[in-house]
Structure formats: C-alpha cells, structure tokens
There are 2 protein chains.
Amino acid sequence: MQAEAIFTGTEMLLGQIVNTNAAFLGRELAAAGICLYRQVVVGDNLVRIREAIDNARRRADLIIVSGGLGPTEDDLSREALAAALGLPLVEDPAARENVTRYFAARRRPMTPNNLKQALLPAGARAMDNPHGTAAGVFLEHEGKVYALLPGPPREFEAMLVNQLLPRLEPYGARREIIFSRVLKIAGIGESAVEEAVKDLLHSDNPTLAPLAKPGEVTLRLTARAKSQEAARSLTAPLEVAIRERLGDYIFGTDDDTLESVTGAILAARHLTLAVAESCTGGLLAHRVTNIPGSSDYFLGGMVTYSNEAKVKFLGVEPEVLAARGAVSPEVAAAMARGVRQAVGTDIGIGITGIAGPGGGSEEKPVGLVYLGIDFRGQVEVRRELFMGQRENIKWQSTQSALYLLWRSLREQLK
Amino acid sequence: MQAEAIFTGTEMLLGQIVNTNAAFLGRELAAAGICLYRQVVVGDNLVRIREAIDNARRRADLIIVSGGLGPTEDDLSREALAAALGLPLVEDPAARENVTRYFAARRRPMTPNNLKQALLPAGARAMDNPHGTAAGVFLEHEGKVYALLPGPPREFEAMLVNQLLPRLEPYGARREIIFSRVLKIAGIGESAVEEAVKDLLHSDNPTLAPLAKPGEVTLRLTARAKSQEAARSLTAPLEVAIRERLGDYIFGTDDDTLESVTGAILAARHLTLAVAESCTGGLLAHRVTNIPGSSDYFLGGMVTYSNEAKVKFLGVEPEVLAARGAVSPEVAAAMARGVRQAVGTDIGIGITGIAGPGGGSEEKPVGLVYLGIDFRGQVEVRRELFMGQRENIKWQSTQSALYLLWRSLREQLK
C-alpha cells in the first residue's frame, strides 16, 4: 500500500508552527509497513487542497489529509475531498454526535457553525474523536482509501493510532513492517565512512543510509519484512559486514550517545572520572552529567579559563605555559594529569583550544584544540582542527574528548 | 513571486527527523513578502525529486529544494534539477573551491566522491557555503528561479538568509516586510505575563504573541508595513506599554540571552565571575562561555559533584554538609562564597540541587534547587522547585542563576 499525506494549514507555510504530525505519521506508517512516498503542505485554500488530493490519488492508494476539519470557514478538507471525488456532503449521525457530545460534556452552548463538522462526503464513515469536536473521515472510493484527520497533534495522533491504522489492516497494514537500526560512529569523517561502505549502499532490502552530524556519523540500516524477527535477520549480516570495516569507530547503536556509552562502561568497571576544560567551558562536564547516575563515576570538573586557574587548581607549571602557550599538547596533558590528581580519580581529561571568534593566530588558528587523557598515569594527547562557530567548535571538542575516552576504555580494559 | 518548496530526505518520510527547515523557510519568505503556497517532502529518489520539481515549475515562479547536495549517492538534487530542465551538469570553479577549501582547512584528504559537489546544471551559479562542503545552486531558467540549498539546518538557514534572499530582491522580494521584535522575560511565569498584558493581546497590527520556554517567556510584537521604519513605529508604543508593566523581568530583546546580557554588563563594568555547580554539572559555565569574549570576565568554574570536592575546592565546612545536607541554602551560599574566594573574583555563584531521576526524598524532592550569589561579600540565596526531566531541571536551574545574576547586577550597579 502506497500512501501520500497532505497537511493543511497556512500557519505551517508561514512557519508559525512546526509540522510535528508529519514525523509522527511517518513513524507510524513505517511501523505498519505502509510506504509514505510524499508529504505535501498546503494552506487553508479549497482549490489547493482539492488539487493536492487530485494529484495524490493518481499516484497513491491511501491519501491522508491532516487538518481542516474544524468549524470555521478556514476548515475546508471535507469540502475539498467531496469536490475532488464529485460526491455530495451529507449529515452523518456519528459525526454529529461527536460534536454535540463535546459541548454537552463541557456544558457549553454549541454555536451553529459547529454543525458543519457533521457533514461528510456521501459513503464516508466517521472516525471517533474523543479529544475534540471534529470526527475524522474514512472513505473507500474507486479502489482508493481517503482519510481525513484533525490537525491538533493530540487529536491527530490518537485518531491515527486508534482509528485509522486498525481500519487499514484489511488493506495490508501491519502485515509488513519496517525495521531500522542505527550504528553511531565517531572519530572518522562522513566521506571516509561512505568510502568504507560504498559497495553496500546499493542494496535494496536492507537499505543503508549515512547521515552526518557535527562530530558524529550515523549509518541507518532499514529492512522490510513480515515480522520484526525476519527484518532483524536481514539487517544482522549487513551490520556484521560494516563492523568488520568500521568497528573501531562504532561506539553505539540507536539512541546511544558517547556520554551514555562511556558512562555505562565507567559505572560497570567502577572507574572514576574528572575533567579539566578550557575552551569547552563546562560543556564536557555538562554532557557527562546529563546521564542519570553519573554522580557514581563523575567526581568533579574544573573550568580553568585563565592561566592562573590552570596553575592554581591543576598544577600546570607556569614555565610550560610560558614556553608552549596555553594551547599546546603539553598543557592538555598537564591538565588531564592535574585534574586526575587533584580530584583523585582513575581518569582525567584535559581540553585546551581556541573556540573563537577571537584569540586565533596564524600558528594557532581558531579551531585548534588539544585533548589529553590520563588513564591511571598513562597519558595520551590528540590534536584537532575544527571549523565552524564557537558553539560548534565547543561541541566537536567534547565529541572528540568523549571518543578519546571511549577508545581508551576499550584499549585499557581489553 | 509565488514559491514552492521541496524538501528531500527519506529520514523525514520515516519520521526519524522533524523538518525544521520548513518552518524557518516559511518565516523568512513571509518576511520577504514571498508567498509560499506549497511544501513537498520526498525521499532520496531521483524520479520523485524530479517529478516534484516538474510539478512545482508549472505552478510557481520560485522553486526551492532543500537537501540532497552532499557527496553521497543518496544526494540527488543537482541531478534531478538538471534532468527536469534538460541541462547537462558541468563543473563549477566556485563550487569546487567550496569543497576543496573545506578539506584543506581541516588538513584532511578529500575522497573523490566529494567532487560531485562541484557539478552544477549548466548556467547555474554557486552559492557559497562557509559551514559545509556543498555549495548551493542558483539558476534562472525560462523565467523561473530554482534554488538548491543544503539540508543541515545550520547550512540551510545561513545560505537562505545570506545568499538566496539577497539574490531574490530583483524579483520583488522584501517589498512588504514583516517586522518582529521580541521581548525576553525571566523570573516570572507565563500566566502572570499573560495576565499583565491580557488587554493588549487582541490588536491586529501590531500583533502580540506570548510564548513560553523552560525558564523564559517571550512576547513577540509583529507589524507589517512598507518599510522597516514604518513597522517599527507601529511596535514602539506597544513595547512602551509592556515595559511599564513588566520592566523588572524584561532582561533583553530579540536574540539576547541571559548569558549575553549579563556578559555585556560584566565586561562593561570590568567585573569578574566564577561559578560552582553541583546539580547543573557544568551547564552554567558552558552557557557563560558560549559568549565570545567571555574569557575577559569568566575566570573559572568548578563542578563539585561529590561532597569531598565541595570541601576541598570550595572550603564548604564538613559540619554544614553533615548538619544541613548538600542540598541546602547554607551550602549554596558557601559554594558561592567559596568559589569567589578560591578563584578571586568579584562575583561567585553556587548551585546545589537534585536533578533526578534518583536522589529525591519527601523532604528534598527531585527539582529542589538552591542558588547562591556572592557579590563582593554580599550573599543572597534563592530557592526553586522545578518540574521535569533531568536535563530540563538543569536548564531551568541555570536560567534562574543567570536571572539572579542579572537582577543583582542591576541592583548593585544602580
């Protein structure tokens, strides 16, 4: 079954609200094994909603319209569907009951314009809406299925899940499911990832799709099958093949983050962590402490913006600062070692760099960052050169620091 | 000028990401006086992207495509536009420069697949992308304008505002403008704000719209007029009326944040700041250091998650911790005082609380937070009880701390 979705609402075209129904619908249809090939957003305009329905019915078997079911003159989806199919609008008892019940329950008088919500295209069935006045519309006509759902997200979501999807089972819904698994990758760029898996990108079922975020690449493996198990058995060999090539960079799957994955290892191994930050200004500590239970392994952090603070709290030697500058591999190492000793932890991380926009030079440009890690006295330093704005450089620096931590944990705990 | 927008990306159809570019585009086009009549979302599929372009060019004068400009084989927007218009793809020096510059700046080798980003439909001009590898595409062809923009929101937004909209001025963009001014409010809840301005909410031009975010309320004043000046003269009297009622809570306007506003005062008055954080885990230092130039006034931060760290680095007395507990007004005050003295600043801030989900009790529930500020020895403590998840409680705590700082600066510098 192939679907198209039409979202009505001038406020979406003006950017006054974000169309969250689209993402919800996408996930639910995917889970039900229905392919959604297009989404269209149009304003509250009879001609354009009708045209969108006309175009969609030429391509798809299932046409879903969100919004335009209310009582006002801007609400035109019922009229547009009736016009597109050449059907009259007739009053439906269940839809009328949906409106009157709503006002009765609130002991409010119903204004007459509300009764337009009881009019459905001839042959359509009302879909119950416990959260609002407007019933939904379900219509099979000349081999195609049309569904009109209310626009407010709470009403849309409940009606989709409880009313529409069950009615689509006779048409094949849920017989085929779409299963996605995401591999999360750090420490390597998007094009290098793609180069490594280039020959796997053409497969059809499962499909493989790369997506780049700052400091992170994800690979999404998607399979369609009759059951969750069958879909998993399609993605599993693909995942094995990818892990053989990129295993050193795949730090997690699905909703994993670098901070959740490293946190779980630290907690399981009873290891403790302290961090010393200069250019990242507390972002690394913030990310580490976003994980519930992080107080078990994260004992403290220092944001040492000034040289004085680096000397006083981390024991960085003034001579090293003078000779090599605050942004140097030596200072990154000294910060990692200093914070580990001061706080008394197994692991210390030090970050020093230039987040910009000021402070850069030809020799040490904005984006230059040194990261140090001290794992029970064994120190390693990594050099990075990031592009972007201040906040982006901060973010990428913490990605790199957490990747360094993850890799150290893997190596040290082998 | 009538526009249609096409967003490409299978991940949007599957509901894995929300299409935030759509709302941003809608607002920017509305402000430029360009009517956006349709948005279409299609997957990474050459036939369907081409079909969407074909349909759009029959109805609109301006066709904007978002996404599909990267180096991978899923990136098909250039190919689809060339195919729709029957144009060959030719290498463009500016687009090639955009890719090579990106890799050169990172001192990373460029994989060959990246060079496909240098290919544009014949006759097109590249639009510069300082944030990524893919240049945008601008093409006038048979009386219609086509624009291809990269999908990542940061790249999309910058290119739309800095590259595309200026190029649309000859076609009539920006003749009627929409001017918005935002008043930013903290330290008071949404319903109290709404109550205070209730009688002003019904005006038509300018309009007034409240919006609540965690720890912040914004009031948006919007006017439409022929010129920026005419629009400003519509919003100015409304702003005066609002400031008379809510002046003690309006900390800024438009893109101001609590950290930018307090940072500007600290810099102007040559005051210095240090922070000591427990439950916020570094988020306050991170926000303070997001401001360029913050190294002039922010000298250091401590994330003292453990009691030991509070004693060792901040001089909190073990007896106070034992008697009152770590989450107490006494400890918040001692942290503020301790970090001010340890780092040697004019102002110290201390935060202690329970971010959850664990660690709460009947007496001290999750969300209980104490904030202390020490302004040259004068100490003030504020108690808060926040609702929400861990990250939300962390965020609201830093909002409250920064509001406390803003109010102290206003009072102390009167």
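Just so it is clear, the model here is predicted, and its values are computed rather than measured. (Residues numbered from 1 in each chain as written. Chains lettered and ligands numbered in written order. Predicted model: local features only at pLDDT ≥ 70, side-chain atom pairs only at ≥ 80, totals over all residues. Heavy atoms only, no water.)

S.K.: Report on the domain arrangement of chain A, specifying residues and quantitative values.
M.R.: Residue and element names in this part refer to chain A. Domain annotation of chain A identifies domain 1 (2-171), domain 2 (177-253) and domain 3 (258-412). If you look at the interface, domain 2 gives 11 residues, while domain 3 gives 10 residues. Summed over both partners, the interface of domain 2 with domain 3 buries about 820 Å², with 54% contributed by carbon and sulfur atoms. Summed over the three residues of domain 2 that lose the most area to domain 3, namely Pro214, Asp248 and Phe251, the buried surface amounts to 55% of that side. Where domain 2 meets domain 3, there are one salt bridge. One salt bridge in this structure joins Arg410 and Asp248, with 3.1 Å as the shortest N-O distance. Where domain 2 packs against domain 3, one counts five residue pairs in polar contact (both at pLDDT 80 or more). (Domains from an automatic or database assignment. Contact = heavy atoms within 4.5 Å. Buried area = accessible area lost by both parts, 1.4 Å probe. Salt bridge = Lys/Arg side-chain N within 4 Å of Asp/Glu carboxyl O. Polar contact = N/O pair within 3.5 Å; in protein donor to acceptor, adjacent residues only side chain to side chain.)

S.K.: Break down the UniProt feature "domain: MoaB/Mog" (unreviewed entry) in chain A for me, with residues and values.
M.R.: UniProt records the feature "domain: MoaB/Mog" (unreviewed entry) for residues 4-171 of chain A in the present numbering. Helix makes up 40% of residues 4-171 of chain A and strand 23%. Its end C-alpha atoms lie 15 Å apart. (UniProt positions renumbered as here; feature names shortened; annotations may be inferred. Helix = DSSP H or I, 4+ residues; strand = E, 2+ residues; numbered from the N terminus.)

S.K.: Hey, could you go over unusual backbone geometry for me, with residue numbers and the actual values?
M.R.: Cis geometry is adopted by the peptide bond preceding Pro206 of chain A, which originates at Asn205 of chain A and carries an omega value of 10°. In this structure, Pro357 of chain B follows Gly356 of chain B across a cis peptide bond, with omega equal to 0°. Among the secondary structure elements, Pro357 of chain B is positioned in the loop between strand E15 (347-353) and strand E16 (368-375). One non-glycine residue with positive phi stands out, namely Glu142 of chain A, at about 50°. With respect to the element layout, Glu142 of chain A can be found in the loop between strand E7 (136-141) and strand E8 (144-149). A positive phi is found at Asp254 of chain B, a non-glycine position, where the angle reads about 50°. Along the chain, the position of Asp254 of chain B falls in the loop between strand E12 (250-253) and helix H9 (258-269).

S.K.: So, the interface of chain A and chain B: which residues are in play, and what are the values?
M.R.: Taken residue by residue, the interface counts 72 residues in chain A and 71 residues in chain B. Summed over both partners, the interface of chain A with chain B buries about 5,900 Å², with 53% contributed by carbon and sulfur atoms. Across the contact surface, chain A and chain B share two salt bridges. One can count 33 residue pairs in polar contact (both at pLDDT 80 or more) joining chain A with chain B. Top contributing element to the side of chain A that touches chain B by residue count: strand E2 (residues 35-42) of chain A, with seven residues. Bridging between strand E14 (residues 298-304) of chain A and strand E14 (residues 298-304) of chain B involves five bridges; their strand directions are antiparallel. Counterpart to Gly301 of chain A in the pairing with E14 of chain B is Val303 of chain B. (Pairing = 2+ DSSP bridges.)

S.K.: I'd like a rundown of the pattern of salt bridges, residues and numbers included.
M.R.: Here the structure, examined in full by the defined rule, presents 44 salt bridges over all chains. Between Asp54 of chain B and Arg57 of chain B there is a salt bridge; the shortest N-O distance is 3.1 Å. With Asp54 of chain B and Arg57 of chain B both in helix H3 (residues 46-59) and three residues apart, the pair spans about one turn of that helix. Salt-bridge contacts for Arg181 of chain B lead to Asp254 of chain B; the nearest nitrogen and oxygen are separated by 3.6 Å. Residue Arg181 of chain B is found in strand E9 (residues 177-185), and its partner Asp254 of chain B is found in the loop between E12 and H9; the two are separated by 73 residues along the sequence. When its relative accessible area of 33% is taken as the criterion, Asp254 of chain B is described as partly exposed. Through salt bridges that share partners, Glu4, Arg38 and Arg59 of chain A together with Glu51 of chain B make up one connected network. (Buried < 20%, exposed > 50% of the residue type's maximum accessible area, 1.4 Å probe, protein only.)

S.K.: Tell me about the packing of H9 of chain B against helix H14 (residues 390-412) of chain B, residues and numbers included.
M.R.: Residue and element names in this part refer to chain B. Two elements in contact, H9 and H14, have axes whose closest approach is 10 Å; the angle formed by their N-to-C orientations is 30°. For the crossing formed where H9 meets H14, the hand is left-handed. Contact with H9, carried on its side by Leu258, Glu259, Val261, Thr262, Ile265 and Leu266, involves Gln399, Leu402, Tyr403, Leu405, Trp406 and Leu409 of H14 and no other residues of that element. Residues of the contact of H9 with H14, tallied by class, amount to nine nonpolar, two polar and one charged. (Axes fitted to C-alpha atoms, helices over the stretch in contact; angles between N-to-C directions. Left-handed = near helix turned anticlockwise from the far one by under 90°. Nonpolar A, V, L, I, M, F, W, Y, C, P; charged D, E, K, R; others polar.)

S.K.: Quick one: what's the story with the environment of Ala135 of chain B, residue by residue and with numbers?
M.R.: Residues and elements named next belong to chain B. Counting through the fold element by element, Ala135 comes out in the loop between strand E6 (125-127) and strand E7 (136-141). Looking at Ala135, the relative accessible area reads 1%, which means it is buried. As a C-alpha pair, Ala135 and Glu91 span 44 residues in sequence and 12 Å in three-dimensional space.

S.K.: Go over the sheet that holds strand E6 (residues 125-127) of chain A, please, and point to the residues and values.
M.R.: Reading across from one edge, E6(A)-E7(A)-E8(A)-E3(A)-E1(A)-E2(A)-E2(B)-E1(B)-E3(B)-E8(B)-E7(B)-E6(B) is the order of the 12 strands in this open sheet, with mixed pairing throughout. Bordering the open sheet on either side are E6 of chain A together with E6 of chain B, each of which pairs with just one other strand. Taken over all neighbouring pairs, the strand axes of this sheet differ in orientation by 20° on average, direction set aside. Note that E6 of chain A and E7 of chain A share three bridges and pair antiparallel.

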